[in-house]
Amino acid sequence: MDSTGDREAILKQVTDWTGAGKRVALATVVTTWGSSPRPVGSKLAVDADGNFVGSVSGGCIEGAVVLQALEAIEDGKPRLLDFGVTNEQAWEVGLACGGKVQVFVERVET
Amino acid sequence: MKLPLLQEAIATADAGRPAALATNLGSGLQILIEGSEKKGTLALDDAALAAVAAAVRDDRSTTIDTAEGKVFVEVFNPPLRCMIVGAVHIAQPLAQMAALGGYAVTIIDPRQAFASEARFPGVTLSTEWPDEALEALRPDRRTAIVTLTHDPKIDDPALSAALESDAFYIGALGSRKTHAARCGRLSEAGFAQNALARIHGPVGLNIGALSPAEIAVSILAQITATLHADRLKEREPG
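Definitions and limits used
- Residues numbered from 1 in each chain as written.
- Chains lettered and ligands numbered in written order.
- Predicted model: local features only at pLDDT ≥ 70, side-chain atom pairs only at ≥ 80, totals over all residues.
- Heavy atoms only, no water.
- Helix = DSSP H or I, 4+ residues; strand = E, 2+ residues; numbered from the N terminus.
- Buried < 20%, exposed > 50% of the residue type's maximum accessible area, 1.4 Å probe, protein only.
- Contact = heavy atoms within 4.5 Å.
- pLDDT = per-residue confidence, 0-100.
- Buried area = accessible area lost by both parts, 1.4 Å probe.
- Salt bridge = Lys/Arg side-chain N within 4 Å of Asp/Glu carboxyl O.
- Nonpolar A, V, L, I, M, F, W, Y, C, P; charged D, E, K, R; others polar.
- Domains from an automatic or database assignment.
- Pairing = 2+ DSSP bridges.
- Axes fitted to C-alpha atoms, helices over the stretch in contact; angles between N-to-C directions.
- Core = buried A, V, L, I, M, F, W, Y, C linked by side-chain atoms within 4.5 Å.
- Polar contact = N/O pair within 3.5 Å; in protein donor to acceptor, adjacent residues only side chain to side chain.
- Phe/Tyr/Trp six-rings, centres within 6.5 Å; stacked < 30°, edge-to-face > 60°.
- Lys NZ or Arg CZ within 6 Å of the ring centre and 35° of its normal.
- Expected span 1.5 Å × (residues − 1).

(A) Summary view of the overall build of chain A. From N to C terminus, chain A includes two helices and five strands. When the helices and strands of chain A are listed from N to C terminus, the series reads α-β-β-β-α-β-β. Scored against the burial criterion, the 110 residues of chain A give a buried share of 45%. Put simply, of all contacts in chain A between residues at least 6 apart along the chain, 52% involve residues at least 24 apart.

(B) Here's a closer look at the confidence of the model for chain A. Per-residue confidence for chain A averages 85 on the pLDDT scale, and 83% of its residues sit at or above 70. Across chain A, the secondary-structure element scoring lowest on mean pLDDT is helix H1 (residues 4–19) of chain A, at 86, and the one scoring highest is strand E2 (residues 43–47) of chain A, at 96.

(C) View of the interface of chain B and chain A. Contacts between the two partners involve 30 residues from chain B and, on the opposite side, 26 residues from chain A. Interface area lost by chain B to chain A is led by Met1, Leu3 and Leu25 of chain B, which between them contribute 30%. Its salt-bridge partner being Arg7 of chain A, residue Asp14 of chain B comes within 3.9 Å of it at the nearest N-O pair. Those elements giving two or more residues to the side of chain B that touches chain A turn out to be helix H1 (3–14), strand E1 (19–24), strand E4 (62–66) and strand E5 (69–76) of chain B. Here the side of chain B that touches chain A takes seven residues from H1 of chain B, the largest share from any one element. Looking at the side of chain B that touches chain A, its residues break down into 12 nonpolar, 13 polar and five charged.

(D) The arrangement of the domain arrangement of chain B in detail. Domain boundaries assigned for chain B yield domain 1 (3–76) and domain 2 (80–230). In this structure, domain 1 of chain B and domain 2 of chain B have C-alpha centres spaced 34 Å apart.

(E) Layout of the sheet that holds strand E6 (residues 80–85) of chain B. All names here are of chain B. Spatially, six strands are ordered E8-E7-E6-E9-E10-E11 in an open sheet, and the strand pairing comes out parallel. Only two strands of the sheet have a single partner each, and these edge strands are strand E8 (124–126) and strand E11 (199–200). The sheet contacts of helix H3 (residues 91–100) involve E6, strand E7 (103–108) and strand E9 (143–147), and relative to E7 the element is tilted by about 160 degrees.

(F) Main features of the pattern of salt bridges. Residues and elements named next belong to chain B. In this structure the tally under the stated criterion is 18 salt bridges over all chains. The residue Arg17 makes a salt bridge to Glu34 at a minimum N-O spacing of 3.2 Å. Taken together, the positions of Arg17 in the loop between H1 and E1 and Glu34 in strand E2 (residues 30–34) put the pair 17 residues apart, joining distant regions of the chain. Judged by its relative accessible area of 42%, Arg17 falls in the partly exposed class. A salt bridge links Asp65 to Lys70, with the shortest nitrogen-to-oxygen separation between them at 3.0 Å.

(G) Fine view of the nonpolar core. Residues and elements named next belong to chain B. Counting 27 residues, the largest nonpolar core has Ile84, Tyr103, Leu148, Ile219 and Ile223 as its most contacted members. For this core, the elements supplying multiple residues, two or more each, are E6, H3, E7, E9 and helix H8 (212–227). Apart from the residues within four sequence positions on either side, Tyr103 is in contact with Leu80, Arg81, Cys82, Ala98, Phe168, Leu220, Ile223 and Leu227. The next biggest cluster of nonpolar side chains, apart from the first, holds 21 residues, and it includes Met83, Ile154, Cys183 and Phe191.

(H) A look at the environment of Glu62 of chain A. All names here are of chain A. Tracing the backbone through its elements, the reader meets Glu62 in helix H2 (residues 62–75). Judged by its relative accessible area of 6%, Glu62 falls in the buried class. Residues Glu62 and Arg107, 45 residues apart in the sequence, show an inter-C-alpha distance of 16 Å. If we skip the residues at most four places from it in the chain, Glu62 touches Leu44, Ser55, Val56 and Ser57. Among the polar contacts made by the side chain of Glu62, one reaches the main-chain amide nitrogen of Val56 at a distance of 2.8 Å.

(I) Broad picture of the pairing of E4 of chain B. Pairing between E4 of chain B and E5 of chain B: five bridges, direction antiparallel. Its bridge partner being in E5 of chain B, Ile64 of chain B is matched across the sheet by Val71 of chain B.

(J) Representation of the sheet that holds strand E3 (residues 37–40) of chain B in the model. All names here are of chain B. Strand order in this open sheet of five strands is E3-E2-E1-E5-E4, and the pairing throughout is antiparallel. Looking at strand neighbours, the two that pair on one side only are E3 and E4, the edges of this open sheet. If you compare each strand with its neighbour and ignore which way they point, the axes differ by 25 degrees on average.

(K) Representation of the packing of aromatic side chains within the structure. Scanning all chains against the criterion turns up zero aromatic pairs over all chains. For Lys100 of chain A, the ring lying beneath its charged end belongs to Trp33 of chain A, and the centroid distance is 5.1 Å. The side chain of Arg111 of chain B reaches across the aromatic face of Phe114 of chain B, ending 4.1 Å from its centre.

(L) Region of interest: H8 of chain B. Residue and element names in this part refer to chain B. Compared with an ideal rise of 1.5 Å per residue, which puts 16 residues at 22 Å, H8 spans 22 Å between its outermost C-alpha atoms and is within 8% of the ideal. Those residues of H8 that sit buried are Ile215, Ala216, Ser218, Ile219, Leu220, Gln222 and Ile223. On its buried face, H8 sits against H3, E7, E9, strand E10 (169–172) and E11.

Structure below.
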């Protein structure tokens, strides 16, 4: 489904991070409605220092997802996040394209 | 999530077998399903397992409702493959672009001066005749085949083998005139018109491409459009 090259690159980064003793969380797009920029299965991996690889949108929601990933790394609880359309409130996190996505965030256990 | 389950799902797909990783979106419990084998802590009933099998068949990751809540089913299918016949100039950018697009690339050319490691560093090369090479590689419905030599001695056996496979995309470089002559030869060899219609020739989308890199863009764009034909249809305005 998603590009094989992407999935391999992200898995390699996760494996490298955990191999180096870093704590990691993985975010995955699990549902999309309308014109979402990244398909179901797209992934973003985040380490405990806030470094990230991959994507779950065109850059619109990555910041919010990274913050949730850092919390998941701390408390170990999975999270299901909903992102909808942004309106004029420019500070709100959302998708300018008018789509909606659901992103699952989980801590990686080795 | 358990990293070993994700690693195994990807390794299984890379080895040519489909796998699915199901994750309960409430608890985070997971199960890896590979054919009839299961590994993990998430329990799924028969209805949910049937939905997983359908997702694998359709190559479409999806979220399903189960008695235990929502479950995300992620499908891991074997990599797409691109088999390029003719280790010519256009094959150099096309091999790189197809690899970036997620395809496992093989270049086939019996002319060893063309199919050399120096010209294609790091690319899988075969110097067998294309009919023999394709028989060994077994193109399937996740395979694209492109012929680039416009030498009938090399392209024709490749196209015959391609037409006998389930390849989702077959493209052949050459002008309209060259393509008409080629279809004439393949028709004499016994291929019906509807079989010949599977060949995209002249190859590539018409974007006015001139340079080898531009022609590679037009070919990869056409391969992509063919791969996602269902999605394109869904998006056509009313």
